[in-house]
Amino acid sequence: MNHENQNSPYAPPTVLPEQSFVPCPQCGQQMDDGDLSSSAAIRWRSYSDNPVQTFLTGGRKIANSKSGFGFRVPAHFCGHCRLMLIKR
Ligand SMILES: [Zn+2]
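Residues numbered from 1 in each chain as written. Predicted model: local features only at pLDDT ≥ 70, side-chain atom pairs only at ≥ 80, totals over all residues.

**Let's talk about the overall build of the chain**
- Looking only at helices and strands, the chain has two helices and six strands in total.
- Starting at the N terminus and ending at the C terminus, the chain contains elements arranged as α-β-β-α-β-β-β-β.
- Looking at the chain as a whole, 6% of its 88 residues qualify as buried.
- For the chain, the proportion of contacts with a sequence separation of at least 24, taken over those separated by at least 6, is 54%. (Helix = DSSP H or I, 4+ residues; strand = E, 2+ residues; numbered from the N terminus. Buried ≥ 20, exposed ≤ 12 C-beta atoms within 10 Å, placed from the backbone. Contact = placed C-beta atoms within 7 Å.)

**Things to note about the environment of A41**
- Mapped onto the fold, A41 is located in the loop between β1 (32-38) and β2 (43-44).
- Distance in space between the C-alpha atoms of A41 and R60 is 9.8 Å, their sequence separation being 19 residues.
- Residues within four places of A41 in sequence aside, it is in contact with K61, A63 and F71.

**Points about unusual backbone geometry**
- If you check the backbone angles, R82 has positive phi at about 70 degrees while not being a glycine.
- Residue position: R82 is located in the loop between β5 (71-77) and β6 (84-86).
- Owing to 10 C-beta atoms within 10 Å, R82 belongs among the exposed residues under this scheme.

**Re the pairing of β5**
- Pairing of β1 with β5 involves seven bridges; the strand directions are antiparallel. In the sheet register, D33 faces β5, and the bridge partner there is H76.
- Hairpin connection, strand β4 (residues 64-65) to β5: the antiparallel pair is bridged by five residues, and S67 has positive phi, about 40 degrees.
- Summarising the sheet, β5 and β6 pair through three bridges and their orientation is antiparallel. In the strand pairing of β6, F77 is matched with M84.
- Counting the residues in the hairpin turn of β5 and β6 gives six residues, including R82, whose phi is positive at 70 degrees. (Pairing = 2+ DSSP bridges.)

**What to know about the environment of A63**
- Topologically, A63 is positioned in the loop between β3 (60-61) and β4.
- Judged by the 21 C-beta atoms lying within 10 Å of it, A63 is buried.
- In the structure, A63 is positioned 19 residues away from W44 in sequence and 9.8 Å away in space, judged by C-alpha atoms.
- Setting aside its immediate chain neighbours within four residues, A63 contacts A41, I42, F71, R72 and V73.

**Some remarks on the environment of A40**
- Along the chain, the position of A40 falls in the loop between β1 and β2.
- Sequence-wise, A40 and S65 are 25 residues apart; in three dimensions their C-alpha atoms are separated by 8.7 Å.

What is shown is where atoms sit, not what they do.
Right, dumping it as structure tokens:
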């Protein structure tokens, strides 16, 4: 092994950042890490909720605005079956 190269500030990192494998619970493929974003509030409207209440409130808001840059919520997305898991 070349020790000069290892001590050089231009040498590539010896420890690569660990890629976290998050398997899709539906199809088993690797899920992508990112965020669900929108210029409008992201809301959840359950079919089991009272329709009048849902109409009045617009549903339960599941993402907060990031100081004028829209709404974002961290999530995992499966590009194979399109399942999305929203993180806390
Ligand atoms: Zn999937």
